[in-house]
Amino acid sequence: MSERDEFYMQRALALASEAEAEGEVPVGAVLVYQDEIIGEGRNHVIGGCDPSLHAEVQAIRQGAATLGNYRLLDTTLYVTLEPCPMCAGLLVHSRIKRLVYGAADPKTGAAGSLLDLTRHEQLNHHIEVSAGVLGETCGEQLSGFFKKRRALQKALKRAATDK
């Protein structure tokens with residue numbers, strides 16, 4: 001893990017915090033080209049009422065617009081949570097060179113945890129993957145969010161039965 005990886009992951013964590021403040025699952029993503037941020041995103045699925053508004057999708061769309069190209073050769077995507085199959089497929093189609101993620105996702109992770117679309121032998125593009133960069137911090141942020149959410153749901157349920 002390099003200082004550069006930690007630097008960009010810190011920015012992704014800040015974006016995840018913004019998502020959490022909006023009631024979204026706290027995931028943030030940063031797309032970097034030639035040591036410059038060209039795209040950023042945070043989850044906006046709930047507020048946008050759109051299941052495709054994942055942090056990675058937003059960062060990639062912004063990066064493609066910045067470069068004026070749908071092929072994102074020689075870019076690195078930093079994301080706080082291992083990408084799902086939809087996002088991993090997008091990374092492959094975008095030709096992203098490198099993926100750096102924080103927390104693994106054993107339920108839907110498609111960069112090595114559940115399955116691996118990023119390096120699947122039958123696909124025409126393979127992505128270099130670095131896992132666990134600030135993984136503990138990323139995992140704690142996600143765990144804390146879901147813990148609060150479960151507590152709120154429990155309190156609401158209790159209040160409804162007390163009436």
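Predicted model only: the values in this text are computed from it and were never measured.

Topic: the UniProt feature "active site" (unreviewed entry) in the protein chain
Summarizing the sequence annotation, UniProt attributes the feature "active site" (unreviewed entry) to Glu56 in the numbering used throughout. Note on placement: Glu56 falls in helix H3 (residues 55-67). Residue classification places Glu56 among the buried residues on the basis of a relative accessible area of 3%. Apart from residues lying up to four places away in sequence, Glu56 is in contact with Ala29, Leu77, Val79, Leu81, Pro83 and Cys87.

Considerations on helix H4 (residues 85-94)
By the burial criterion, the buried members of H4 are Cys87, Ala88, Gly89, Leu91, Val92 and Ser94. Those residues of H4 that are buried are in contact with H3, strand S3 (75-81) and strand S4 (98-103). Residue Arg95 follows H4 closely and has a positive phi angle near 65°.

Looking at the sheet that holds strand S2 (residues 36-42)
With mixed pairing, 5 strands are arranged side by side in an open sheet as S2-S1-S3-S4-S5. Of all strands in the sheet, those bounded by a partner on one side alone are S2 and strand S5 (128-131). Shown here is a sheet whose adjacent strand axes are inclined to one another by a mean of 15°, direction ignored. Of the pairings in the sheet, the one linking strand S1 (residues 28-33) to S2 comprises 6 bridges and is antiparallel in character. Within S2, the residue paired with Ala29 across the bridge is Gly41.

Some words on the packing of H3 against H4
At a minimum axis distance of 9 Å, the contact between H3 and H4 shows a crossing angle of 20°. What the angle tells us is that H3 and H4 run roughly parallel. Note on packing geometry: the crossing formed by H3 with H4 is left-handed. Contacts from Glu56, Val57 and Ile60 of H3 reach H4 at Met86, Cys87, Leu90, Leu91 and Ser94. A per-class count over the contact of H3 with H4 returns 6 nonpolar, 1 polar and 1 charged.

Concerning the UniProt feature "binding site: Zn(2+)" (unreviewed entry) in the protein chain
Listed under "binding site: Zn(2+)" (unreviewed entry) in the UniProt record, and renumbered for this structure, are His54, Cys84 and Cys87. In terms of the greatest pairwise C-alpha distance, the residues named above, spread along 34 residues, form a tight cluster of at most 9.4 Å across. One can find His54 in the loop between helix H2 (45-48) and H3. When residues no more than four places from it in sequence are discounted, the contact partners of His54 are Asn43, Val45, Cys84, Met86 and Cys87. Following the sequence through the fold, Cys84 ends up in the loop between S3 and H4. Judged by its relative accessible area of 14%, Cys84 falls in the buried class. Setting aside residues up to four positions removed in sequence, Cys84 forms contacts with His54, Thr108 and Ala110.

Here's the deal with the pairing of S4
Within a regular strand, the side chains alternate between the two sheet faces. Within S4, 6 of the 6 residues are buried, which leaves the element mostly enclosed by the surrounding structure. Looking at chain direction, S3 and S4 are connected through 5 bridges and run parallel. Paired with Thr76 across the strands is Arg98, a residue of S4. Handedness of the crossover joining S3 and S4 through H4: right-handed. Bridging between S4 and S5 involves 4 bridges; their strand directions are parallel. Paired with Tyr101 across the two strands is Ala131, which belongs to S5.

The rules behind these values
- Residues numbered from 1 in each chain as written.
- Predicted model: local features only at pLDDT ≥ 70, side-chain atom pairs only at ≥ 80, totals over all residues.
- Heavy atoms only, no water.
- UniProt positions renumbered as here; feature names shortened; annotations may be inferred.
- Helix = DSSP H or I, 4+ residues; strand = E, 2+ residues; numbered from the N terminus.
- Buried < 20%, exposed > 50% of the residue type's maximum accessible area, 1.4 Å probe, protein only.
- Contact = heavy atoms within 4.5 Å.
- Pairing = 2+ DSSP bridges.
- Axes fitted to C-alpha atoms, helices over the stretch in contact; angles between N-to-C directions.
- Parallel < 35°, antiparallel > 145°, perpendicular 65-115°, else oblique.
- Left-handed = near helix turned anticlockwise from the far one by under 90°.
- Nonpolar A, V, L, I, M, F, W, Y, C, P; charged D, E, K, R; others polar.
- Right-handed = clockwise from strand over helix to strand, strands pointing away.

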